[in-house]
Amino acid sequence: MAPEIKYNKIFIDNQWVDAVNGKTFETFNPHDGATIATVAEGDKEDINAAVQSAKRAFHRNSEWRLMDASQRGKLLNKFADLVDRDLDYLSELETYNNGMVLTTCRAFVGAAAHHIRYNASLADKIQGNTVPCDGDVFSYTLKQPVGVCGLILPWNVPVLMFISKVTTALAAGCTMVVKPAEQTPLSALALAALLAEAGVPPGVVNVVPGFGETAGAALTHHPDVALISFTGSLEVGKLIQQAAGTNNLKRVVLELGGKSPLVIMDDADLNKAVPYAAQAVFRHQGQVCIAASRLFVQAGIYDKFVQKAVEIAKSWKLGNPVLETSQNGPQIDETMMNKVLGYIEKGKSEGAKLLTGGKRVGTTGFYIEPAVFADVKDDMTIAKEEIFGPVQSILKFETLEEAIDRANATNYGLAAGIFTSSIESALQFSKHVEAGIIWVNTYFQLGAQLPFGGFKESGIGREGGLDAVNSYLEVKSVTISLPKKV
Ligand code: NAP
Ligand code: MG
């Protein structure tokens, strides 16, 4: 049964309101394309009202700014308890609005609660230093929240993205306006209600559903916003960086996807490497920024590996994401499905060998069979551009040095992995690959404690871990003159 849709309006000042212009938009279930809710469509006026609310909540005399840091941590822990309480509901909502299989949603919502508790524990550990300066002075640093933040979310992992950005900003003491993706507004609204229930004061977190070109752009151009944290496409990331410098100078945190290499050495344990490589690119229909979409396999095991990879892809179970038997659900929408199918056609026409899958399944919903391409060359489109779909591209290499250079021959630099039984190979690879996240004999192994983000055009800044909270803080140095003698 479909989960009840409890919230479909704009959330400002802990109140549910309609859009100023009265507009709404429909949100769909990607399994069958059916409308599941009509949602208020925020625009410039709504963003402005939300920013003003966040600005009031950031005033030095506000309840939020006067709150002890340990109390901020307590509120976050309460929020984590509420997310745990509503884990079933939030997971179902995510599945219905996003198409992620329910078992994965449950894992992500659980991980999100863990992420909240990590950030809760940081709230009262944000501290400066005393600094031994020359002269008769006493100097110290303060770390203070940057101000009103604009958080712009993608549709691929909505609950975790909301929680990662919002609770890091809350731990730092910021206030914020969140714009969820047009495809997946519902979980952000449900989480906003839980923040209010946890006792987060009005105005600290506001959520304005709507479209990127209108609501999103209004947020990135707003002069009272101090920082934008964005996850999404490189193309929009560049627009956001430009907008951030237009009416004021916003700090930016950008997480912009990738074309992540996974390298399988001749000495790897194939029983482990083959299934990991499949998970690394097929999981969540390939709609993952860290997907291993360039799979480099060493020449000595190439043919054997490809054969096993095809067997796994053929056995992959597609189906309604609410069913436990489904390994993959649908792509998020028709546009993305057609984009992925377009890449598959491009792969074939450029000479890569499609060994299995790659076709749409059925005519309702947006399902694509996992595809395996062999004989992929570095200059083919499928080896260069982010596909965001279940497409495994297998490339052949001879030496580790060659694999490292080819892994680095991309504008992206988010994640990278290697399967090998040689510690030397693992260390060389980890040192020389230009990526923010490296995995050895594993993939997708994430933790709230670890920084997450990319080199090069994969982004700016980090989410997760201590590096993330620092993005939401300004450092202030204070120097006090001391008498020469006492
Ligand atoms: P997108 O357009 O970059 O959207 C991400 C977020 O930015 C959405 O909330 C979007 O609103 C908003 N946005 C769009 N244009 C904006 C603007 N001019 N100013 C401010 N905000 C704006 O990504 P997408 O359309 O969902 O997906 C396109 C591609 O992005 C995918 O094929 C994939 O390659 C990549 N992607 C990457 C990630 C990642 O994790 N790095 C996640 C999702 C997608 P709307 O919802 O209205 O567009
Ligand atoms: Mg978009």
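This text follows the structure it describes.
Let me sum up the structure you'll find in this document.

Conventions adopted
Residues numbered from 1 in each chain as written. Chains lettered and ligands numbered in written order. Predicted model: local features only at pLDDT ≥ 70, side-chain atom pairs only at ≥ 80, totals over all residues. Heavy atoms only, no water. Near = heavy atom within 4 Å. Polar contact = N/O pair within 3.5 Å; in protein donor to acceptor, adjacent residues only side chain to side chain. Areas by Shrake-Rupley, 256 points an atom, 1.4 Å probe, with all protein chains shown as cover. Helix = DSSP H or I, 4+ residues; strand = E, 2+ residues; numbered from the N terminus. Nonpolar A, V, L, I, M, F, W, Y, C, P; charged D, E, K, R; others polar. Domains from an automatic or database assignment. Pairing = 2+ DSSP bridges. Axes fitted to C-alpha atoms, helices over the stretch in contact; angles between N-to-C directions. Contact = heavy atoms within 4.5 Å. Phe/Tyr/Trp six-rings, centres within 6.5 Å; stacked < 30°, edge-to-face > 60°. Buried < 20%, exposed > 50% of the residue type's maximum accessible area, 1.4 Å probe, protein only. Lys NZ or Arg CZ within 6 Å of the ring centre and 35° of its normal. Core = buried A, V, L, I, M, F, W, Y, C linked by side-chain atoms within 4.5 Å.

1. Description of the site of ligand 1
In step 1: Neighbouring residues of ligand 1: 29 residues in total, closest Leu153, Trp155, Glu182, Gly212 and Ser233.
In step 2: Separating a nitrogen atom of ligand 1 from a backbone N or O atom of Gly232 is a distance of 3.3 Å.
In step 3: Backbone polar atom of Gly257 to a nitrogen atom of ligand 1: 3.1 Å apart, as the coordinates give it.
In step 4: Considering ligand 1 on its own, with 860 Å² of exposed area, one finds that the protein chains cover 90% of that surface.
In step 5: Elements with a contribution of two residues or more to the shell around ligand 1: helix H8 (212-221), strand E10 (227-231), helix H9 (234-244) and helix H12 (334-349).
In step 6: For the shell around ligand 1, the per-class residue count stands at 16 nonpolar, 8 polar and 5 charged.
In step 7: Structurally, the shell around ligand 1 is a two-domain feature, drawing no fewer than three residues from each of domain 1 (10-256) and domain 2 (261-440).

2. Overview of the sheet that holds strand E14 (residues 353-356)
In step 1: The mixed open sheet is built from 7 strands, whose spatial order is E14-E17-E18-E13-E12-E19-E20. Strands at the two margins of the open sheet, each flanked by one partner only, are E14 and strand E20 (437-440). The sheet shows a mean angle of 20 degrees between the axes of neighbouring strands, direction not considered.
In step 2: In this structure, strand E19 (residues 415-419) lies alongside E20, joined through 4 bridges in parallel fashion. When the bridges of E20 are listed, Ile418 appears paired with Val440.
In step 3: Docked against the sheet, H12 engages E14, strand E17 (371-374) and strand E18 (391-397), running at close to 25 degrees with respect to E17.

3. Section: the packing of aromatic side chains
The relation between two aromatic rings is expressed through the spacing of the ring centres and the mutual angle of the planes.
In step 1: Considering all chains together, one arrives at 9 aromatic pairs under this definition.
In step 2: When the centroid spacing of 5.5 Å and the interplanar angle of 85 degrees are considered together, the rings of Trp155 and Phe388 count as edge-to-face. Residue Trp155 is found in the loop between strand E7 (148-152) and helix H6 (158-172), and its partner Phe388 is found in the loop between helix H13 (381-384) and E18; the two are separated by 233 residues along the sequence. For the pair Trp155 and Phe388, one class covers both residues: buried.
In step 3: An aromatic cluster is built from Tyr7, Phe11 and Trp16, whose rings are joined through pairwise contacts.
In step 4: Against the face of Tyr89 rests Lys6, its NZ or CZ located 4.1 Å from the ring centre.
In step 5: Here Lys396 stacks its cationic end above the ring of Tyr302, 4.9 Å away from the centre of that ring.

4. Let's talk about the nonpolar core
In step 1: If you look at the biggest cluster of nonpolar residues, it comprises 64 residues, and the most contacted ones within it are Val83, Phe162 and Val205.
In step 2: For this core, the element with the highest residue contribution is H6, accounting for 10 residues.
In step 3: Among the nonpolar cores identified, the runner-up in size contains 38 residues, and Cys289, Ile290, Trp316 and Phe444 belong to it.

Read these as spatial facts, not as claims about activity.
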